Amino acid sequence: MKKLLVFVMAMAMLCGCSQNKIVTTFMLTRDNETYALYNTEGKQITENDYTYYKEVNAGYLVTDKDEQMGVIDDSGNNIIELGTYDVIENINSMFYGYNDITEETTEDDSEADETQDRTGYLTDNLDVLNSEGDVLYSASEDTQIMQSDLPVILENDTYTVLYKDGDTLYSGTDRVSYVRQSSDGTYVLISFGDFLHFYYTDDIEETIDFDLIIQESGQYNIIATNSIGVVLNDMDNESVIYIDITNESYCQCDQKIESAYFDSKSNVILLGENTTYIYSASHELIELTSYYYSSSIYLQRSSSVYGPHTICNGDTTITDALVDMQLNPLVNELYSMIYPVYIKDKGYTYYDFDGNQVFETYYLSAEAFDESGCAIVQKTDNSYILIDTEGNQLTKSTYYSIKYIGSSYYAVYNENGVFGVINASGEEVFAQEYTELPENCIVEANNTIYLLLIKNGRTYVYDSSSDMKEIFSHEGNVILNPKGYFVVDNTYYTIDGEEIE
């Protein structure tokens, strides 16, 4: 039972979400074994009773020392009392609750494997509960339940898909094969076997709310989302569907991919085993080989190291512009319409998508411009500067090395490895007196950017919204949790620096 519980817990981590929840409490541990609930003022709300927790919309899904599962709210009160069910899974604002699942039965005993792939309709030992712990449905011969990403209820030959806190998303006589939902619950996909029904269910004011019939069949998963689009993937059948939220339409292509994401400009990027593609409804699937800006503006690197390489700029294709030049062999998104190239026997410089050299200056090395509109270039040995897209030097001096650390900040090093911080204007934020840069040196908490720097073993935390005022420092490695507290080993501090007892 313990191994089964661990497996189901791992599956539960994939369902439900509390991304938009205002943080008022968090779980802390003193021994890495048991947890207690605290509020943001550092007050302990519960005893150290829990060996596992997962944040859910209603509060926390927890397990105690006796491996009993339950759900508590932000005040530590029971929503589902510990031990009521052997296993509890969170599904957005609802829960599945069941016991000894080895006794589960399906609509057809010959389809026993359906219990494992979660597409079987159960007739016993499964409850669907709302966010307050009330039982909405219990599985029986008359009320069969499919334990999909959202509950599917089969009663009197009618299939009902529940969402949110038990509302009805779909009800009809077409058999539901499976349901998929995005991690935040905004997008839902219902399969009816030979077609799909997609729903956009966001109820935030002034946003699109629509549904779409997709004439495709298969085992699709939602693998990438943003505010304007959704990517579906059927890996077995090597089929990808892109849903255009803005235009309420979709397109499909045949391609084997493993994952997908939206870049900073909402380009759809598909990743195969050793290939990267950019996908657009208005263009063919394009394999990327170097720098790109969009699905119509990109570079195609030649098999010959020094080219000629191809520039694709909208309706214009230039095949002979980049001669005797090296392009970055890695796929990289461009934040600017210029890019670095290495010119044989000359060095690095920048070109545009018309095939023209932008600057007359050559560098020993040059990076692409980042989202702050800056690029790190090397003038001479151990001499680095920041430049803008006009080629102007932003830094008032040169540095032994420069590293972009995020949020428009750069670490600038001297020859001894000591560093300071400058901003995207080249202005000094901190002098070169720090000795170590934490792995997560920039953290956003409570809608504020904090900067963590280490000097001679002591970590300092600065608030970017208050002219980099120091708000906390401590010997050793300090971790700022995005929920708004500091961790030093197993000692905790509020955002104001007060120790949480």
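Residues numbered from 1 in each chain as written. Predicted model: local features only at pLDDT ≥ 70, side-chain atom pairs only at ≥ 80, totals over all residues. Heavy atoms only, no water.

With that settled, the discussion passes to the pattern of salt bridges. Scanning the entire structure with this criterion turns up four salt bridges. For Lys265, the salt bridge is made with Glu333, and the minimal N-O distance between the two is 2.9 Å. Linking Lys265 in the loop between strand E24 (259-262) and strand E25 (268-271) with Glu333 in strand E33 (residues 332-333), this pair joins segments that are 68 residues apart in sequence. Overall, the relative accessible area of 15% leaves Glu333 in the buried class. (Salt bridge = Lys/Arg side-chain N within 4 Å of Asp/Glu carboxyl O. Helix = DSSP H or I, 4+ residues; strand = E, 2+ residues; numbered from the N terminus. Buried < 20%, exposed > 50% of the residue type's maximum accessible area, 1.4 Å probe, protein only.)

Quick look at the packing of aromatic side chains now. Geometrically, a pair of aromatic rings is defined through the distance of the ring centres and the angle of the planes. Across all of its chains, the model carries 26 aromatic pairs by this definition. Between the aromatic rings of Phe430 and Tyr462, the centroid separation amounts to 4.3 Å while the plane-to-plane angle is 40 degrees, which identifies the pairing as tilted. With a gap of 32 residues between them, Phe430 in strand E42 (residues 428-434) and Tyr462 in strand E45 (residues 458-463) connect regions that are remote in the sequence. Each member of the pair, Phe430 together with Tyr462, is buried. When the ring of Tyr460 is compared with that of Tyr462, the centres are 6.4 Å apart and the planes differ by 15 degrees; the resulting orientation is stacked. Overall, the relative accessible area of 16% leaves Tyr460 in the buried class. (Phe/Tyr/Trp six-rings, centres within 6.5 Å; stacked < 30°, edge-to-face > 60°.)

With that out of the way, let us pick up the pairing of strand E21 (residues 229-234). Within a regular beta strand, the side chains point alternately toward one face of the sheet and then the other, so they alternate between its two faces. In terms of residue burial, E21 counts as a mostly covered element, since six of its six residues are buried. Residues of E21 alternate between two faces, with Gly229, Val231 and Asn233 on one and Val230, Leu232 and Asp234 on the opposite face, all of them buried. Judged from the four bridges that link them, strand E20 (residues 221-225) and E21 form a sheet pairing that is antiparallel. Residue Asn221 lies in a different strand from E21, and its bridge partner there is Asn233. Two strands pair when backbone bridges link them, and E21 and strand E22 (residues 239-244) are joined in this way by six bridges, in the antiparallel orientation. The residue bridging Val231 from the neighbouring strand is Tyr242, located in E22. (Pairing = 2+ DSSP bridges.)

Val161, Val176 and Ile190 are the most contacted members of the largest nonpolar core, which has 40 residues in total. The contact partners of Ile190, leaving out residues within four places of it in the chain, are Val161, Leu169, Tyr170, Val176, Tyr178, Val179, Phe195, Leu196, His197 and Tyr199. In terms of nonpolar packing, the next biggest core, distinct from the first, is built from 16 residues, Tyr178, Leu189, Tyr200 and Tyr220 among them. (Core = buried A, V, L, I, M, F, W, Y, C linked by side-chain atoms within 4.5 Å. Contact = heavy atoms within 4.5 Å.)

Our focus in this paragraph is the sheet that holds E20. The four strands lie next to each other as E20-E21-E22-E23, forming an open sheet whose pairing is antiparallel. The sheet terminates laterally at E20 and strand E23 (249-254), the two strands that pair on one side only. Put simply, the sheet's adjacent strands are angled 25 degrees from each other on average, direction ignored. Pairing of E22 with E23 involves six bridges; the strand directions are antiparallel. (Axes fitted to C-alpha atoms, helices over the stretch in contact; angles between N-to-C directions.)

Moving on, we get to the sheet that holds strand E37 (residues 375-380). Taken together, three strands build an open sheet; the order of strands is E36-E37-E38 and the sheet is antiparallel. Edge positions in the sheet fall to strand E36 (365-366) and strand E38 (383-387), since each has one partner strand and no second. In this sheet, E38 lies alongside E37 in antiparallel orientation, the contact comprising five bridges. Counted as the bridge partner of Val377 is Ile385 from E38.

Take the confidence of the model for the protein chain next. In this model, the protein chain carries an average pLDDT of 90, and 90% of its residues clear a pLDDT of 70 or more. Contacts from residues 1-22, a stretch scored under 50 in pLDDT, to residues over four places away or in other chains number 39 contacts. With pLDDT under 50 throughout, residues 103-117 is counted as low confidence; its partners more than four residues away or in other chains account for 19 contacts. (pLDDT = per-residue confidence, 0-100.)

To continue, consider unusual backbone geometry. With an omega of 10 degrees, the peptide bond running from Gly307 to Pro308 counts as cis. Despite not being glycine, Asp345 has its phi angle at roughly 70 degrees, a positive value. Secondary-structure assignment places Asp345 in the loop between strand E34 (338-343) and strand E35 (347-352).

Among the surface-exposed residues, Glu132, Asp134, Asp165 and Asp167 lie close enough to one another that they form a single negatively charged patch. As for its placement among the helices and strands, Asp134 is situated in the loop between strand E10 (127-129) and strand E11 (135-138). Taking the relative accessible area as the measure of exposure, Asp134 reaches 38% and is therefore partly exposed. (Patch = residues over 30% accessible without salt bridge, like charges linked within 9 Å, V, L, I, M, F, W, Y side chains within 5 Å. Areas by Shrake-Rupley, 256 points an atom, 1.4 Å probe, with all protein chains shown as cover. Lys, Arg positive; Asp, Glu negative; His and termini not counted. Charge placed at Lys NZ, Arg CZ, Asp CG, Glu CD.)

What follows concerns the environment of Gln44. Here Gln44 shows up in the loop between strand E2 (35-39) and strand E3 (50-56). Given the relative accessible area of 31%, Gln44 is considered partly exposed. As for Gln44 and Thr25, which are separated by 19 residues in sequence, their C-alpha atoms are 9.6 Å apart. Residues within four places of Gln44 in sequence aside, it is in contact with Ala36, Leu37, Tyr38 and Glu501. For Gln44, the side chain forms a polar contact with the side chain of Tyr38, separated by 3.1 Å. Engagement of the side chain of Gln44 in a polar contact is seen with the backbone oxygen of Thr46, the distance being 2.8 Å. (Polar contact = N/O pair within 3.5 Å; in protein donor to acceptor, adjacent residues only side chain to side chain.)

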